[in-house]
Amino acid sequence: MKSSSSELEFDRPNIEDYLPTDTLTSPTSPTHLLHLRDLLDISPTLTEAAGAIIDDSFTRCFKSNPPEPWNWNIYLFPMWCLGVVIRYGILFPIRVLVLTIGWIIFLSSYFSVHFLLKGQEKLRKHLERSLVELICSFFVASWTGVVKYHGPRPSIRPKQVFVANHTSMIDFIILEQMTAFAVIMQKHPGWVGLLQSTILESVGCIWFNRTEAKDREIVARKLREHVEGADNNPLLIFPEGTCVNNHYSVMFKKGAFELGSTVCPIAIKYNKIFVDAFWNSRKQSFTKHLLQLMTSWAVVCDVWYLEPQNLKPGETPIEFAERVRNIISTRAGLKMVPWDGYLKYSRPSPKHREQKQKSFAESVLRRLEEK
């Protein structure tokens, strides 16, 4: 996706604004003779400036941009009030009823199948997959979801993994209503965690806790075992590792790209005219997020199933991940940024920051010398 020159320059500071005046004007110290020690003399100011630029570039990936108010005059305000009455007084109760009916049908059918067909594993798994797709369809209906799918529907094959950009947990629901994916996902507390540990286990989902280092080895082993199974559900991974606000894409983790499997990219793009589908998990619970969706006009999005990709000769898993990220970002109209999404949960160590600041200063010095 092409960007304007102004967009490409937003992360580049004007270094001359931070250099001492005598350093720039003295005939004995021309700009092209600046050394790293000259920059280190102003390191506190430069570090503060660089930190502000980096934080701004990083945090904008995880910000919810509230819609601009349009009820600002006497003509529009009555229409806005009418919209509130329709959304909360009419649509919301109907949607709650739809979701309630869906849960009643699902739970009565699921537990009957789960306990009565224990001796017929193949039939039981097939019916459980269909029921999981059904309840996901009820969830989408409870948002008045308008989802347009592009490309061929995924098929069940071994040595295959699907990867998608990640805006909210509803990404999984929107994809699951079409195909019973087995997803790798962060373990959640509350009623979501209960569903994960019971019902979603039937489609082969894999859960992890990002704070537990030993979970990474266990998950890596489970991933390899899953992609080798011919009868397992297609594996779905969100390699960003966190929800991003559907304007940007952060770095992909390499785990999905070092399995030796075919990678099938999926691009998801939400229309913000009706509701912002981004889930900021640090500011709202998933229950509150669902209420926000159920009291909106609709959830409108496009889903593209893109051409499968394989590791090229001489290509590293990291390069493979970046190539697939570029394919997804281009299709969904997302801006690629060079940040690790896990920084959202844990800031880098002081030693790591010092290394980044030193490399930043050295790059600035090179720029000055080129001038």
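Not measured: the values here are computed from a predicted model.

Peer 1: Tell me about the packing of aromatic side chains, and please be specific about residues and values.
Peer 2: Considering all chains together, one arrives at 11 aromatic pairs under this definition. Seen in terms of ring centroids, Phe 77 and Trp 80 are 5.8 Å apart; in terms of plane orientation they differ by 25°. Their pairing is stacked. Of this pair, Phe 77 and Trp 80 both sit in helix H5 (residues 76–116), 3 residues apart, which is roughly one turn of that helix. A residue is classified by how much of its surface remains accessible, and Trp 80, at 34% relative accessible area, is partly exposed. Ring geometry for Phe 162 against Phe 181: centres 5.2 Å apart, planes inclined by 65°, an arrangement best described as edge-to-face. Placement of Phe 162 in strand E2 (residues 160–164) and of Phe 181 in the loop between helix H7 (170–176) and strand E3 (182–186) is noted, with a sequence separation of 19 residues between them.

Peer 1: A description of helix H11 (residues 317–332) should follow, citing residues and the corresponding values.
Peer 2: With 16 residues, H11 ought to run about 22 Å at 1.5 Å a step, and its terminal C-alpha atoms sit 22 Å apart, in line with that. The set of residues buried in H11 consists of Phe 320, Ala 321, Arg 323, Val 324, Arg 325, Ile 328, Ser 329 and Ala 332. Next to the buried residues of H11 lie E2, strand E6 (248–249), strand E7 (262–270), strand E8 (299–305) and strand E9 (335–336).

Peer 1: Describe the pattern of salt bridges, and please don't skip the residues or the numbers.
Peer 2: Applying the stated criterion across every chain, the model contains 5 salt bridges. Residues Arg 124 and Glu 121 are paired through a salt bridge, measuring 2.4 Å at the closest nitrogen-oxygen approach. Residue Arg 124 and its partner Glu 121 are located together in helix H6 (residues 121–142), separated by 3 residues, close to a single helical turn. You can call Arg 124 buried: its relative accessible area is 11%. In this structure Glu 121 comes out as partly exposed when scored by relative accessible area, which is 36%. The partner of Glu 128 in a salt bridge is Arg 124, and the shortest N-O contact between them spans 3.1 Å. One end of the pair, Glu 128, and the other, Arg 124, are both in helix H6, 4 residues apart, so they sit about a helical turn from each other.

Peer 1: Tell me about the nonpolar core, and name the residues and values.
Peer 2: Residues Trp 143, Ile 170, Ile 174, Leu 175, Leu 236, Ile 266 and Val 303 are the most contacted members of the largest nonpolar core, which totals 52 residues. Contributions of two or more residues to this core are made by H5, H6, E2, H7, E3, E7, helix H10 (286–294) and E8. Ranked by residue count, the leading element in this core is H6, at 7 residues. Excluding anything up to four places from it in sequence, Trp 143 contacts Arg 95, Ile 170, Ile 173, Ile 174, Leu 290, Leu 293, Met 294, Trp 297, Ala 298 and Val 299. Formed by 25 residues, the second largest nonpolar core is a distinct cluster that contains Val 227, Leu 235, Trp 304 and Phe 320.

Peer 1: How would you summarise the packing of H5 against H6 if you had to cite specific residues and measurements?
Peer 2: Packing of H5 against H6 leaves a shortest axis separation of 9 Å and a crossing angle of 175°. It follows from the interaxial angle that H5 and H6 lie roughly antiparallel. In contact with Arg 95, Val 98, Leu 99, Gly 102, Trp 103, Ile 105, Phe 106, Ser 109, Tyr 110, Val 113 and His 114 of H5, H6 contributes Arg 124, Leu 127, Glu 128, Leu 131, Val 132, Leu 134, Ile 135, Phe 138, Phe 139, Ala 141 and Ser 142. Across the contact of H5 with H6, the residue classes tally to 15 nonpolar, 4 polar and 3 charged.

Peer 1: I'd love a proper account of the pairing of E7, names of residues and values included.
Peer 2: With respect to burial, E7 is a largely interior element, 7 of its 9 residues being buried. Relative to E7, E2 is paired through 5 bridges, and the arrangement is parallel. Bridging from a neighbouring strand, Phe 162 pairs with Cys 264 of E7. Judged from the 5 bridges that link them, E7 and E8 form a sheet pairing that is antiparallel.

How each quantity is defined
Residues numbered from 1 in each chain as written. Predicted model: local features only at pLDDT ≥ 70, side-chain atom pairs only at ≥ 80, totals over all residues. Heavy atoms only, no water. Phe/Tyr/Trp six-rings, centres within 6.5 Å; stacked < 30°, edge-to-face > 60°. Helix = DSSP H or I, 4+ residues; strand = E, 2+ residues; numbered from the N terminus. Buried < 20%, exposed > 50% of the residue type's maximum accessible area, 1.4 Å probe, protein only. Expected span 1.5 Å × (residues − 1). Contact = heavy atoms within 4.5 Å. Salt bridge = Lys/Arg side-chain N within 4 Å of Asp/Glu carboxyl O. Core = buried A, V, L, I, M, F, W, Y, C linked by side-chain atoms within 4.5 Å. Axes fitted to C-alpha atoms, helices over the stretch in contact; angles between N-to-C directions. Parallel < 35°, antiparallel > 145°, perpendicular 65-115°, else oblique. Nonpolar A, V, L, I, M, F, W, Y, C, P; charged D, E, K, R; others polar. Pairing = 2+ DSSP bridges.

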